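Chain by chain, the residues run as shown.
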Amino acid sequence: MKCEHRVLWRSLYVVLVVVAAAPFLFQVFAANAVDAARAAATSKGQREQDLELLAFKESNTPLGGSATVLFRSNAGGAPQTVEVQLERPMWAVNWRLARYSEGVVGKR
């Protein structure tokens, strides 16, 4: 009987440690925000070789994250800016697209 209780308490302890550590592990193994933004921009019609990284800001915590990535696109005529905003839910390693916008350089 005493052995069964010990196994039960150890199992409960392991489950609690895993649940407490999981958000930190998701943060550590989260995908690169710039790569995710570049992929989102290419899925919206931009060519990867035309995207030049201008700036990015990332807030990545165990409770989730957000990122804003700004590119300059030199495709077809006048250069334009491409802004990609991403979010990462608490229990995920991948970023998802929150907002995408394109604009003429200098008119932000």
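The structure presented is a predicted model; accordingly, all values stated were derived computationally and were not measured.

**Overview of helix α1 (residues 2-28)**
With 27 residues, α1 extends 39 Å from end C-alpha to end C-alpha; this agrees with the ideal 39 Å at 1.5 Å per step. The largest bend in α1 comes to about 35 degrees, at A22, with the proline P23 one to four residues further on.

**Regarding the nonpolar core**
With 14 residues, the main nonpolar core has A37, A41, F71, V82, V84, L86 and W95 as its most contacted residues. Secondary structure elements with two or more residues in this core: α2 (33-43), β2 (64-73) and β3 (80-88). Top contributing element to this core by residue count: α2, with five residues. Residue contacts for L86: discarding those within four places in its chain leaves A33, A36, A37, G65, S66, A67, W95, R96, L97 and A98.

**A word on the sheet that holds strand β1 (residues 51-61)**
Taking strand neighbours across the sheet as the criterion, the four strands line up as β1-β2-β3-β4 in an open arrangement whose pairing is antiparallel. Pairing within the sheet leaves two strands with one partner each, and these edge strands are β1 and β4 (96-104). On average, each strand axis in the sheet is inclined to that of its neighbour by 10 degrees, with strand direction left out of account. Two strands pair when backbone bridges link them, and β2 and β3 are joined in this way by nine bridges, in the antiparallel orientation. Along β3, the bridge assignment pairs A67 with L86.

**Section: the pairing of β3**
Here β3 lies mainly inside the structure; seven of its nine residues are buried. Linkage of β2 to β3, two consecutive antiparallel strands, is achieved through a turn of six residues, within which G76 is found at a positive phi near 50 degrees. Two strands pair when backbone bridges link them, and β3 and β4 are joined in this way by eight bridges, in the antiparallel orientation. Of the residues in β4, the one forming a bridge with Q80 is V104.

**Let's talk about the environment of R38**
Along the chain, R38 turns up in helix α2. Residue classification places R38 among the buried residues on the basis of a relative accessible area of 18%. Spatially, the C-alpha atom of R38 lies 7.7 Å from that of L51, the residues being 13 residues apart in sequence. Residues within four places of R38 in sequence aside, it is in contact with E48, L51, L53 and F71.

Cut-offs and rules
Chains are numbered independently. Their residues run from 1 in the order of the written sequence. Per-residue local features of the predicted model are confined to residues with pLDDT of at least 70, and side-chain atom pairs are confined, for both listing and counting, to 80 or more; whole-chain, interface and lining totals are unaffected and use all residues. Excluding hydrogens and water, the side-chain values take into account all heavy atoms of the structure. Secondary structure elements follow DSSP: runs of H or I of four or more residues count as helices, runs of E of two or more count as strands, with numbering from the N terminus. Expected span of a helix, by definition, is 1.5 Å for each gap between consecutive residues, and there is one gap fewer than residues. Throughout, bend refers to the angle between the axes fitted to the seven residues that end at a position and the seven residues that start at it. Put simply, a nonpolar core is a bunch of buried Ala, Val, Leu, Ile, Met, Phe, Trp, Tyr and Cys residues held in one set by side-chain atoms that sit within 4.5 Å of each other. Partly exposed describes any residue whose relative accessible area lies between the buried limit of under 20% and the exposed limit of over 50%, with all areas from a 1.4 Å probe on protein chains only and scaled to the type maximum. Contacts are assigned to residue pairs that have any heavy atoms within 4.5 Å of one another. Any two strands with at least two DSSP bridges between them are considered paired. Under this scheme, a helix contributes an axis fitted over its contacting stretch, all axes are lines through C-alpha atoms, and angles between N-to-C directions fall in the 0 to 180 degree range.

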